[in-house]
Amino acid sequence: MENSINIKLKVWRQAGPKAKGRFETYELSNISTDSSFLEMLDILNEQLINKGEEPVAFDHDCREGICGMCSLYINGRPHGPDDDVTTCQLHMRKFKDGQTITIEPWRSAGFPVIKDLIVDRTAFDQIIAAGGYVSVNTGGIPDANAIPIPKPEADEAMDAASCIGCGACVAACKNGSAMLFVSAKVSQMALLPQGRVEATRRAKNMVAKMDELGFGNCTNTGACEVECPKGISLANIARLNREFLKAKLQD
Amino acid sequence: MSSTLGSSIGKKLLMSLSGLFLIMFLLVHLTVNSFLLIPDGGEFFNAGAHFMATTPAIRVIEPLLAIGFLVHILYGVKLTLENRKARGSARYASGKKTTGVTWASQNMLVLGITVGAFLVLHIAHFWVKMKLTGDPLLEHTAISIGGVETEVENAYALVNHTFSYLWIVIVYVVAAVGLAIHLSHGFWSAFQTIGFSNQIWRKRLTVLGNLFAILIGFGFSIIPILQYLFYQG
Ligand code: HEM
Ligand code: SF4
Ligand code: FES
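Here we look at the site of ligand 2
All names here are of chain A. Near ligand 2 there are 14 residues, and of these Cys163, Cys166, Gly167, Cys169 and Cys228 occur at the shortest range. Elements represented by at least two residues in the shell around ligand 2 include exactly helix 4 (168-172) and helix 5 (179-190). Grouping the amino acids of the shell around ligand 2 by side-chain chemistry returns 11 nonpolar, two polar and one charged.

Structural notes on the coordination of the iron atom of ligand 1
Residue and element names in this part refer to chain B. At 2.0 Å from the iron atom of ligand 1 lie its protein donor atoms, namely His72 (NE2) and His182 (NE2). Taken together, the six donor atoms surrounding the iron atom of ligand 1 define angles of 88 to 179° at the centre, an arrangement classified as octahedral. Residue His72 is found in helix 4 (residues 58-87), and its partner His182 is found in helix 8 (residues 166-193); the two are separated by 110 residues along the sequence. When sorted by exposure, His72 lands in the same class as His182, which is buried.

Some details on the nonpolar core
One finds Val182 and Phe215 of chain A to be the most contacted residues of the largest nonpolar core, which totals 75 residues. The dominant element in this core, judged by the number of residues it contributes, is helix 8 of chain B, at 12 residues. Excluding its chain neighbours within four sequence positions, the residues that come into contact with Phe215 of chain A are Gly110, Phe111, Ala123, Phe124, Ile127, Val170, Gly176, Ala178 and Met210 of chain A together with Ala86 of chain B. With 26 residues, the next largest nonpolar core counts Leu72, Leu90, Ile101 and Leu117 of chain A among its residues.

Examining the domain arrangement of chain A
Residue and element names in this part refer to chain A. One can read the domain layout of chain A as domain 1 (4-104) and domain 2 (122-250). Averaged C-alpha coordinates put domain 1 and domain 2 at centres separated by 30 Å. At the interface, 12 residues of domain 1 touch 12 residues of domain 2. Buried surface at the junction of domain 1 and domain 2, summed over both partners, amounts to about 850 Å²; 50% is from carbon and sulfur atoms. There are one salt bridge connecting domain 1 and domain 2. The shortest N-O distance in the salt bridge between Glu227 and Arg77 comes to 2.8 Å. If you look at where domain 1 meets domain 2, you find two residue pairs in polar contact (both at pLDDT 80 or more). Among the residues making up the side of domain 1 that touches domain 2, the classes are represented as six nonpolar, four polar and two charged.

Quick look at the site of ligand 1
If you check the shell around ligand 1, you find 26 residues, and the closest are Lys12, His72, His182, Ser189 and Thr193 of chain B. The local environment of ligand 1 is shared, drawing residues from chains A and B. Between ligand 1 and Lys12 of chain B there is a distance of 3.2 Å, counted from an oxygen atom to a side-chain nitrogen or oxygen. His72 of chain B places a side-chain nitrogen or oxygen 2.8 Å from a nitrogen atom of ligand 1. Those elements that provide at least two residues to the shell around ligand 1 are helix 2 (8-34), helix 4, helix 6 (108-133) and helix 8 of chain B.

Concerning the interface of chain A and chain B
Chain A puts 47 residues into the contact, and the matching count from chain B is 40 residues. Between chain A and chain B the total buried area reaches about 3,400 Å² when both faces are included, carbon and sulfur atoms providing 52% of it. Contact with chain B buries surface across chain A, with Lys174, Asn217 and Asn220 of chain A losing the most and accounting together for 19% of the total. The interface formed by chain A and chain B holds one salt bridge in total. Here Arg202 of chain B ties to Glu225 of chain A by a salt bridge, and the two come within 2.9 Å at their closest N and O atoms. Connecting chain A to chain B are 29 residue pairs in polar contact (both at pLDDT 80 or more). Within the residue set of the side of chain A that touches chain B, elements represented by two or more residues are strand 5 (100-104), helix 4, helix 7 (199-212), helix 8 (223-227) and helix 9 (235-250) of chain A.

A short note on the sheet that holds strand 1 (residues 4-13) of chain A
All names here are of chain A. Spatially, five strands are ordered 2-1-5-3-4 in an open sheet, and the strand pairing comes out mixed. Each having just a single partner strand, strand 2 (22-32) and strand 4 (77-78) make up the two edges of the open sheet. Alignment of strand 1 against strand 2, held across nine bridges, turns out to be antiparallel. Across the sheet, Ile5 pairs through a bridge with Ile31, a residue of strand 2. Across the face of the sheet, helix 1 (residues 37-50) comes into contact with strand 1, strand 2, strand 3 (73-74) and strand 5 while running at roughly 105° to strand 2.

Quick notes on the confidence of the model for chain B
Confidence along chain B averages 95 in pLDDT terms, with 99% of residues attaining 70 or more. As scored by the predictor, the complex reaches a pTM of 0.95 and an ipTM of 0.94.

Focus: the pattern of salt bridges
Residue and element names in this part refer to chain A. In this structure the tally under the stated criterion is 21 salt bridges over all chains. Arg13 is the salt-bridge partner of Asp116, the closest N and O atoms lying 3.2 Å from each other. Of this pair, Asp116 sits in the loop between strand 6 (113-115) and strand 7 (118-119) while Arg13 sits in strand 1, placing them 103 residues apart in sequence. You'll find Asp116 and Arg13 in the same group, each marked buried. Across the salt bridge formed by Asp83 and Arg77, the nearest N and O atoms sit 2.6 Å from each other. Salt bridges sharing common partners tie together Arg77, Asp83 and Glu227.

Reading guide: rules and limits
Residues numbered from 1 in each chain as written. Chains lettered and ligands numbered in written order. Predicted model: local features only at pLDDT ≥ 70, side-chain atom pairs only at ≥ 80, totals over all residues. Heavy atoms only, no water. Near = heavy atom within 4 Å. Helix = DSSP H or I, 4+ residues; strand = E, 2+ residues; numbered from the N terminus. Nonpolar A, V, L, I, M, F, W, Y, C, P; charged D, E, K, R; others polar. Donors = N, O, S within 2.8 Å, 3.2 Å for Na, K, Ca; no water. Tetrahedral: all angles 85-135°; square planar, octahedral: opposite > 155°, others 65-115°. Buried < 20%, exposed > 50% of the residue type's maximum accessible area, 1.4 Å probe, protein only. Core = buried A, V, L, I, M, F, W, Y, C linked by side-chain atoms within 4.5 Å. Contact = heavy atoms within 4.5 Å. Domains from an automatic or database assignment. Buried area = accessible area lost by both parts, 1.4 Å probe. Salt bridge = Lys/Arg side-chain N within 4 Å of Asp/Glu carboxyl O. Polar contact = N/O pair within 3.5 Å; in protein donor to acceptor, adjacent residues only side chain to side chain. Pairing = 2+ DSSP bridges. Axes fitted to C-alpha atoms, helices over the stretch in contact; angles between N-to-C directions. pLDDT = per-residue confidence, 0-100.

Next up, the structure:
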């Protein structure tokens, strides 16, 4: 096993939302295979800054796979060649010495480019604001066993709740659909008694917001599920369809 | 109601219901067509065709079928155009390397248009001749239905003659295969759309859908092929 590799990067550079972008090529040598993909980009940016050039803009925050901030479409896949990880969890050992790595922003009409590799994902925040919450009156801490929840439901709700809102599902979708994200956010609450109270309103409002923002119609290709770093299942989309149609039927 | 059917899931519901309706139709159609393989000079098939043409229910079923196709085609095109817009025009320079996504699921419109183009030809071959213009081949023939001698159109003769042309047989086989690929994704997708799926049912529906697609593709191919090879003269 080599401990360090030399690589060539093809990086999308775009000065602003309206500016015309282009690919820029950079060479990096002696990159440790133990470093993460974002650390590799840090090294690139340090070199660019030292040369007096503009560093590459990319999103990141927690760097441990829980915040959903990092993105990047790497060599043909959202979050790169590894399965079920975010870009911050991707390691350079997944690449070969001498390999060319192409790095692009998420591409979907719902996620316009802000700068370089950063896209505007506030559409997801707007969808959450349309109903992705439980309205609670704060009071004393309730008894943990007051509302029994069957284990399978609790597990499925937890699985759905693991969605970090990264947007890889949209980036992978040929229809620019946000259904996997919305279905996870609806499911995590639809499965629990606390969430049922507002379930119909939530399903209707979040889908309406998703449509209004111009995301596409899901045709069940399943690319989202394959590329989701958290393994969110298509079964959630079936549940969202069910929740939505049931809610509309009650009107 | 309009806000339901105007929503993304509502439009998909129309696709799903019209698709499932067309699936039911395919089953009936294949059943009647299978009578073509009974080596009785077409008597049983003619009886079946006679029943389908004269049953009062056909006055409801035929327009319903036309509406089903129309809704499915119009919304299929509409959804695909909307989805192109939602996706945007920028493409990935490094391509799409996502694995495990079926070709069928990404080419439903192309497959649908193949079936649609075939449909025009198919209607011209049979429906137009049987319902509108008539054809010398359709000349009445006497068959016995439940022991009663009845005069019916000789639909069998028309079908049999149509399938004496090799190019027609080839077009039918291509369309049947296209339809089968359409259904290899469409079948499970229709259930997913109406919400009838989960982790377990997804596997079952995909298997069932593939079996159904094979049945339809094989059935609608083998009938013209056998007619061409063994039922002429
Ligand atoms: C007998 C003929 C046909 C049958 C049985 C059939 C069946 C189906 C089914 C079951 C679906 C899945 C619906 C869903 O995902 O909810 C589907 C999808 C689709 N069909 Fe057809 N179809 C037929 C003909 C056509 C034709 C002629 C077109 C022409 C435009 C077409 C275009 C489409 C498209 C574009 C989709 C994908 C839409 C989506 O998933 O949102 N189909 N079809
Ligand atoms: S569903 Fe998966 S891919 Fe989509 S936003 Fe959530 S974590 Fe990211
Ligand atoms: S930086 Fe938080 S998930 Fe990658």
